[in-house]
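An overview of the molecular structure
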Amino acid sequence: MAQILIFLGPPGAGKGTQARVVAKALGIPHISTGDILREAARKKTGLGLVAKAKMDKGELVPDDVISPIVEERLGWADCKAGAILDGFPRTVVQAQFLDDMLERAGFGKPLVLNIHVATDSVIKRLTGRRTCQTCGEIYNVYMNPPRQDGVCDKDGGKLTQRADDNEEAIRIRLKAYEHDTVPLIEYYQRKNALRQVDGTEEPEAITERLLGVVKTDDYL
Ligand code: AP5
């Protein structure tokens, strides 16, 4: 039965960095709600305009806006063998919606990988993040800089900084995480679906751990 992997963790935990690599290793899609909303904002769709106003301030987009988008995406053929959800759910209401939806759609119980890092250590990660506009590769000007300033090593694409990676928006995102998303840790612990992974090591070591957990849980 196809199973969904959920990557949980505070802003800057490395969810996107890891989800890209792990999804490739497992041959399943990486679904990032942040990326979906940023793409809609770039295209200036109705959703994009609503989302951009919230995202730029660091606030969450309403549950009833984001949940149907995830439901629709999980219905695509490429999710038949599973998928990684990065950035969803991030409220208990979203988690309950997802549980109901997965059951209706015939998926197995999700496996939740909580990448934990101290929230006071993520400011440098987030203010230093740069993302390739073409391929989505993630860099950090302090810890993992590109060879040439502002240019992606992989495809030469332009590296940009996210509008919400400034200290004021980061503080609001961290508050939203503590208030709305931390309760999910207990929510999934009660369902015996949560696995903890230390997010402070080198990215390659974290990938190994994540794949190890997935293997132990018979996901592969
Ligand atoms: P989203 O895009 O999901 O952002 P986030 O949750 O704040 O998470 P980030 O993408 O900032 O962090 P990450 O953990 O992916 O870190 P990364 O791997 O890039 O959401 C953005 C906004 O969209 C929300 O604020 C909200 O408005 C809206 N939204 C999205 N989903 C929603 C939902 N479900 N409900 C409501 N609203 C929603 O790494 C960060 C940096 O650290 C990089 O520079 C990287 O190179 C570096 N790094 C990574 N790993 C390591 C490591 N091991 N050591 C050192 N540096 C590392």
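All of the points below concern the structure found in this document. Every chain is numbered on its own, with residues counted from 1 as its sequence reads. It should be noted that, the model being predicted, local features are given only for residues of pLDDT at least 70 and side-chain atom pairs only at 80 or more, the latter also being counted only at that level, while totals for whole chains, interfaces and linings use all residues. Calculated side-chain values reflect all of the structure's heavy atoms, with hydrogen atoms and water omitted.

**Some words on the sheet that holds strand E7 (residues 159-160)**
In sheet architecture, strand pairing relies on hydrogen bonds along the backbone and comes in two forms, parallel and antiparallel. For clarity, the cut-off: Any two strands with at least two DSSP-identified bridges between them are counted as paired. By the criteria applied, helices consist of DSSP H or I runs no shorter than four residues and strands consist of E runs no shorter than two, each listed in order from the N terminus.
One open sheet holds the 3 strands; their spatial order is E6-E5-E7, and the pairing between them is antiparallel. The strands lining the two open edges of the sheet, one partner per strand, are strand E6 (138-140) and E7. As paired elements, strand E5 (residues 129-132) and E7 share 2 bridges and run antiparallel to each other. In the sheet register, Thr131 faces E7, and the bridge partner there is Thr160.

**Comments concerning the site of the ligand**
Stated formally: Any residue with a non-hydrogen atom lying within 4 Å of a molecule or strand is treated as near it. Polar contact is the term for a pair of N or O atoms within 3.5 Å; when the atoms are in protein, one must be able to donate a hydrogen and the other to accept it, and sequence-neighboring residues count only if both atoms are side-chain atoms. Values of accessible area rely on a 1.4 Å probe in the Shrake-Rupley scheme; residue burial ignores everything except the protein chains shown.
Near the ligand, the surroundings consist of 35 residues, among which Thr17, Thr33, Glu59, Arg129 and Arg173 are the closest. A distance of 2.9 Å separates a nitrogen atom of the ligand from a polar atom in the side chain of Gln94. Note that an oxygen atom of the ligand is positioned 3.0 Å from one of the side-chain N or O atoms of Asn140. Here the ligand loses 95% of its free accessible area of 1100 Å² to cover by the protein chains. Of the residues forming the shell around the ligand, the biggest block, 4 residues, is contributed by helix H2 (residues 33-42).

**A short note on the nonpolar core**
Applicable threshold: To define a nonpolar core, start from buried Ala, Val, Leu, Ile, Met, Phe, Trp, Tyr and Cys residues and group those joined through side-chain atoms within 4.5 Å. To sort residues, take the accessible area from a 1.4 Å probe on protein chains only and compare it with the maximum for the residue type: under 20% means buried, over 50% means exposed, and anything in between is partly exposed.
In this structure, Ile4, Ile6, Leu74, Leu85, Leu98, Val112 and Tyr188 are the most contacted members of the largest nonpolar core, which totals 30 residues. Taken together, the elements giving at least two residues each to this core come down to strand E1 (4-8), helix H3 (46-57), helix H4 (63-74), strand E3 (83-86), helix H5 (92-105) and helix H8 (183-190). Judged by nonpolar contacts, the second largest core, of 24 residues, contains Phe7, Leu26, Val117 and Leu174.

**A closer look at the environment of Leu60**
Defined as follows: A contact between two residues is defined here by any heavy atoms of the two lying within 4.5 Å.
Locating Leu60 in the fold gives a position in the loop between H3 and H4. The class for Leu60 is partly exposed, based on a relative accessible area of 24%. Taking the C-alpha atoms as reference, Leu60 lies 8.0 Å from Arg173; in sequence the two are 113 residues apart. In contact with Leu60, not counting residues within four places along its chain, are Lys54, Arg90, Thr91, Ala176 and Asp180.

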